[in-house]
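Architecture and fold: a report
Chain by chain, the residues:
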Amino acid sequence: MRAHIAGFVLMAALAAPLAAQQQAGPVIQGGGTHAPVPNATFEVPRGQAYKVVWNIQVGAPKPGEANDAFNVPARFVNQGAVLGLPRESVEVAVVVHGTAGEELLDNEEYRTRKGVDNPNIALLEEMSRAGVRIILCGQTAANRKMPRGHVLPFVEVAPSAAWAFATLTRQGYTVNPF
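Since we're looking at a predicted model, the values are computed, not measured. (Residues numbered from 1 in each chain as written. Predicted model: local features only at pLDDT ≥ 70, side-chain atom pairs only at ≥ 80, totals over all residues. Heavy atoms only, no water.)

A look at the sheet that holds strand E4 (residues 156-158)
Operational definition: When DSSP locates at least two bridges between a pair of strands, those strands are taken to pair. Strands are runs of DSSP state E lasting at least 2 residues, helices are runs of H or I lasting at least 4, and numbering of each runs from the N terminus. Contacts are assigned to residue pairs with any non-hydrogen atoms lying within 4.5 Å of each other. Where helices are involved, their axes are fitted lines through C-alpha atoms of the stretch in contact, as for all axes, and angles between N-to-C directions lie from 0 to 180°.
Taken together, 5 strands build an open sheet; the order of strands is E4-E3-E2-E1-E5 and the sheet is parallel. Sheet topology places E4 and strand E5 (174-175) at the edges, where each strand pairs with a single neighbour. Where strand E3 (residues 133-137) meets E4, 3 bridges bridge the pair, whose relative direction is parallel. Among the inter-strand pairings, Cys-137 is bridged to a residue of E4, identified as Ala-158. Against the sheet, helix H6 (residues 161-170) makes contact with strand E1 (50-56), strand E2 (90-96), E3, E4 and E5, and its axis sits at roughly 165° relative to E2, the strand it touches most.

Now the structure itself:
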């Protein structure tokens, strides 16, 4: 009898991550889709903090196309939920510079510059509401003549991408290598 109970407890413990994958909904609905991985052998420990920053410097190939790079940090947030990590233990930031900088413009200014609506706004807004910090390089903003009044209101503006990365790494963030 005890062997049956112990076996049941073990099976329930092993099934918990799979059940979480099947039951946990995405935190960010508009992006960050990912495939379930029911046979993963690499364990992501619960009970520790994860602080990750992404470097997004290349804009979408064409004006009016969404920048797929924004989906990667959104995917990380969503996978954290699937893995059963408390939302407060997954801190995510993105530092945006280079040609990706203009994708942080409000629709009015983006349309003036590109002739089409900014397709990134909805995902960026949702990421911000989910607690993702979105940081624009101030040097990019200055060089591309991006007035602060036309940068999305939830975007933080750093003196430069270099200072944003230096500050975030001192705060315990690791830079995602891709």
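Thoughts on the environment of Ala-158
With respect to the helices, strands and loops of the structure, Ala-158 is situated in strand E4. Once residues within four sequence positions are removed from consideration, Ala-158 is found in contact with Ile-135, Leu-136, Cys-137, Gly-138 and Ala-164.

Observations regarding the pattern of salt bridges
Using the following cut-off: Any carboxyl oxygen of Asp or Glu that lies within 4 Å of a side-chain nitrogen of Lys or Arg is treated as forming a salt bridge with it. Remark: exposure states derive from per-residue accessible area (1.4 Å probe, protein chains only) relative to the maximum for the residue type, with buried under 20%, exposed over 50%, and partly exposed in between.
Across all of its chains, the model carries 5 salt bridges by this definition. When the shortest N-O distance is used, the salt bridge between Glu-102 and Arg-113 registers 2.7 Å. Taken together, the positions of Glu-102 in the loop between E2 and helix H3 (107-114) and Arg-113 in helix H3 put the pair 11 residues apart, joining distant regions of the chain. Under the relative-accessibility criterion, Glu-102 is labelled buried at 12%. Among the ionic pairs, Arg-113 bridges to Glu-109, the shortest N-O distance being 2.9 Å. Here Glu-109 and Arg-113 lie together in helix H3, a separation of 4 residues that amounts to about one turn. Salt bridges sharing common partners tie together Glu-102, Glu-109, Arg-113 and Lys-114.

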